[in-house]
Amino acid sequence: NVVSKLAFMFNFQDVFSLGGPPRLCMQLFDSENNSPYTSSWSSGFGLESVGVTQIVGMHCKDGRSLEVSVSISVAPGRLSNYTKIVRICPRYVVVNQLSQPLRLWQDNSILHPNLAIDDSNDVNESKDSRKWVVNRAEQESSGDLNQYKSLFGITTNIASPEDSGMGSKTTANSAACFIATIQPSGIISFHLPDTRADRLLRIDLGSDWNLSCSFNADMTAEYVLEISRARDIRMLPTLSTRSAPIYTVVLPPQDVEWNGELGVWFETDWGRERSIIVKGTKEGSFASFHTDIVVGDELLFIDDKSVNDLSFNEAMKYLKARLESVGEIRCNQAIKPLQRMRKTIRGTQYADNIISSSGILSLTLMTLEERLRRLRRSAVVGHSYAKNEGPKDIKERACNAS
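The rules behind these values
- Residues numbered from 1 in each chain as written.
- Predicted model: local features only at pLDDT ≥ 70, side-chain atom pairs only at ≥ 80, totals over all residues.
- Heavy atoms only, no water.
- Helix = DSSP H or I, 4+ residues; strand = E, 2+ residues; numbered from the N terminus.
- Buried < 20%, exposed > 50% of the residue type's maximum accessible area, 1.4 Å probe, protein only.
- Contact = heavy atoms within 4.5 Å.
- Areas by Shrake-Rupley, 256 points an atom, 1.4 Å probe, with all protein chains shown as cover.
- Phe/Tyr/Trp six-rings, centres within 6.5 Å; stacked < 30°, edge-to-face > 60°.
- Salt bridge = Lys/Arg side-chain N within 4 Å of Asp/Glu carboxyl O.

**Thoughts on the overall build of the protein**
Within the protein one finds six helices and 19 strands. Counting across all 402 residues of the protein, residues that qualify as buried make up 38%. At a minimum sequence separation of 6, the contacts of the protein that also span at least 24 residues come to 59%. Of the roughly 24700 Å² that the protein leaves accessible, carbon and sulfur atoms contribute 51%.

**What about the packing of aromatic side chains?**
Per the counting criterion, the structure on display carries six aromatic pairs. Measuring from centroid to centroid gives 5.2 Å for Tyr92 and Phe190, while their planes differ by 15°, and the two rings are stacked. One end of the pair, Tyr92, is in strand β4 (residues 92–95); the other, Phe190, is in strand β9 (residues 187–190), and 98 residues separate them in sequence. Each member of the pair, Tyr92 together with Phe190, is buried. Seen from their ring centres, Trp105 and Trp132 are 5.4 Å apart, and the 70° between their planes marks the pair as edge-to-face.

**Re the pattern of salt bridges**
Considering all chains together, one arrives at 13 salt bridges under this definition. Of the charged contacts, one joins Arg64 and Asp62 as a salt bridge, the two residues approaching to 3.8 Å between their closest N and O atoms. We classify Arg64 as buried; its relative accessible area is 11%. Accessibility expressed as a relative area gives 49% for Asp62, which makes it partly exposed. A salt bridge links Arg322 to Asp303; the shortest N-O distance between them is 2.7 Å. Highlighted residues: Arg322 in helix α3 (residues 312–332) and Asp303 in the loop between β15 (298–302) and β16 (305–306), separated in sequence by 19 residues.

Written out as structure tokens, the structure is:
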């Protein structure tokens, strides 16, 4: 009954053609709903290729084509001498035999977001590259030809008019082309939204899963697709191998011989001129053998002075002056407080209020693991987390840890 309702009879108005046998052309056209999705006419194809399946393309916009499958056969019985049957079918059909709904994408992108997003506005890409959005307020009505939107360069709304059970988030790339949402035991015919791109498909099970690897839509084969759980890298636990996230190095050491050299190279962090990061440690130095300092740690305090109050050059000059003063005391075995003195380093004069008279230098550092943990935390709760903890709080934590 369904086939009989879809069937209609036709014949060629002009059977005598100087260009050879008559040929058929097709066009995507919706005359009832006044749809704007109207394609160009396809190339002509003949009816002599009985038993051969042909792929016919109708150009839509900017090189995108709607492809359908056309097969020709002869009518049964006595009609075989007079009638041929032309079957126009979808190019692809997907059957969901899983117990959960899935989305189908045409996607050949390499990079995907690390966390599920519910709108392509959340990704840093130009508006022209966005091919889908999630808009529950403007779900597609049953009469709207949503499946043809991408063929005409229109952004597709992947929100289903019915409860699809997929949620409003996905890990798909914003440049991917949405095809359809298939319910369990559902059968949906589809076409490739963009025939200019690679003809590769991917399966999406929802925001808790990464998309499957891509597979060829035109190659007849059986694939085993592994789909892994999606994890937000901002929530990954940070493993620390150090005794404390913020620690203090005291110079001179009590029970270790020390030549007055720390053995650490510092540099500024990218985008943070007031941050001083450990670039490396000198092999065989005091820092490499007797401290917890590793590459990536951040220098916070020199004695009680925050490095945020100094430029990089000022902090390095101040640290060098303190190392020299502490080293002199250690070498001279001085007992009484260091007399008032002035030092000139590279033309800059430092007075007694800069060089401490205690003869002890303390360096407060933050481990690389703690820096990464705070970075991930600030990405989750916002920048307010990093701003709430001031230098005094960090100094108190360092004292408690030591």
